[in-house]
Amino acid sequence: QLRNHLTHTTGLTLTPTLVFDHPTPHALTTYLLDRLRPEAPTSDVDAVLDQLATLSESADESERARIAKRLRSLRLLLDSGAEVESADRIQSATAGEIFDFIDNELGVN
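Just so it is clear, the model here is predicted, and its values are computed rather than measured.

Novice: Looking at this structure, I do not really get the overall build of the protein. What am I missing?
Specialist: Helix and strand counts for the protein stand at seven helices and zero strands. If you list the helices and strands of the protein from N to C, you get α-α-α-α-α-α-α. Relative to its 109 residues, the protein shows a buried fraction of 10%. A separation of at least 24 residues holds for 20% of the contacts in the protein among residues at least 6 apart in sequence. For the protein, the accessible surface area stands at approximately 9100 Å², while carbon and sulfur atoms represent 58% of it.

Here it is in structure tokens:
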């Protein structure tokens, strides 16, 4: 029953022998925490993104909006098809949509 409850609560796939493999509360807790913790960053980029995620949790609304805007811009730079997609969107956009894009996405007021 404990394993079933932990499986449901954590979303992890736990073996039927869980409580035998980890017979003490400390051993079981250590095992579960190791499985639930995110993996260590695999690159400098991952480390920076993890740091950004932590910083954004304490940011106010305007700072979060600024971070989101910068991330969208970065995504466009990284997305290989972004130039084609943006060109298609611009060609089919109305003048109002283009001005809204400039105001909202590029921060031009």
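Novice: Help me understand a nonpolar patch on the surface, please; the structure alone is not making it clear to me.
Specialist: On the surface, a cluster of nonpolar side chains totalling about 620 Å² of accessible area is made up of Val45, Leu49, Leu71, Leu74, Leu77 and Leu78. Those elements giving two or more residues to the nonpolar patch turn out to be helix 4 (44–57) and helix 5 (61–78). Per-element accounting of the nonpolar patch gives the leading share, four residues, to helix 5. Positionally, Leu77 belongs in helix 5. We classify Leu77 as exposed; its relative accessible area is 71%.

Cut-offs applied
Residues numbered from 1 in each chain as written. Predicted model: local features only at pLDDT ≥ 70, side-chain atom pairs only at ≥ 80, totals over all residues. Heavy atoms only, no water. Helix = DSSP H or I, 4+ residues; strand = E, 2+ residues; numbered from the N terminus. Buried < 20%, exposed > 50% of the residue type's maximum accessible area, 1.4 Å probe, protein only. Contact = heavy atoms within 4.5 Å. Areas by Shrake-Rupley, 256 points an atom, 1.4 Å probe, with all protein chains shown as cover. Patch = residues over 30% accessible without salt bridge, like charges linked within 9 Å, V, L, I, M, F, W, Y side chains within 5 Å. Salt bridge = Lys/Arg side-chain N within 4 Å of Asp/Glu carboxyl O.

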